[in-house]
Amino acid sequence: MKIKVDDLVCEANAVCMGLAPEVFEVDDDDQLHILLPEPPPEMLDRVRHAVRSCPKAALSLEE
């Protein structure tokens, strides 16, 4: 599974970072960075929850 972000849609609300800080990071310039683009299986439930919780639907999963 791979995480994708649509940079044109993302507003760096950091909801994903709050739910999975090991995977998502918003920097001081309000840019979202995917720290683990292919997270390990034990993190997938939290990553799926973070992707679903994005207020702008800027995140997606490629399985």
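Note that the structure is a prediction, hence the values are computed from the model and not measured.

Asks: So what about the nonpolar core? Which residues, and what values?
Replies: In terms of nonpolar packing, the biggest core is built from 15 residues, with Ile-3, Cys-16, Val-23, Phe-24, Leu-32, Val-47 and Leu-59 touching the most fellow members. Counting only elements with at least two residues in this core, the list comes to β2 (24–26) and α2 (44–53). Among all residues touching Val-23, those that are not within four sequence positions of it are Ile-3, His-33, Ile-34, Leu-35, Leu-36, Met-43 and Val-47.

Asks: Give me the lowdown on the pattern of salt bridges, citing residues and values where you can.
Replies: With the rule as written, the count across this model stands at five salt bridges. Between Glu-62 and Lys-4 there is a salt bridge; the shortest N-O distance is 3.9 Å. Here Glu-62 is found in strand β4 (residues 59–62), whereas its partner Lys-4 is found in strand β1 (residues 2–5), with 58 residues between them in sequence. Counted as one network, the salt bridges with shared partners bring together Asp-45, Arg-48 and Glu-63.

Asks: Give a description of α2 that names residues and reports values.
Replies: Burial in α2 covers these residues: Leu-44, Val-47, Ala-50 and Val-51. One side of α2 carries all its buried residues, which in axial view fall inside an arc of 120 degrees. Across from the buried face of α2, at angles greater than 90 degrees, the exposed residues are Asp-45 and Arg-52.

Rules used throughout
- Residues numbered from 1 in each chain as written.
- Predicted model: local features only at pLDDT ≥ 70, side-chain atom pairs only at ≥ 80, totals over all residues.
- Heavy atoms only, no water.
- Core = buried A, V, L, I, M, F, W, Y, C linked by side-chain atoms within 4.5 Å.
- Buried < 20%, exposed > 50% of the residue type's maximum accessible area, 1.4 Å probe, protein only.
- Helix = DSSP H or I, 4+ residues; strand = E, 2+ residues; numbered from the N terminus.
- Contact = heavy atoms within 4.5 Å.
- Salt bridge = Lys/Arg side-chain N within 4 Å of Asp/Glu carboxyl O.
- Arc of directions from axis to C-beta.

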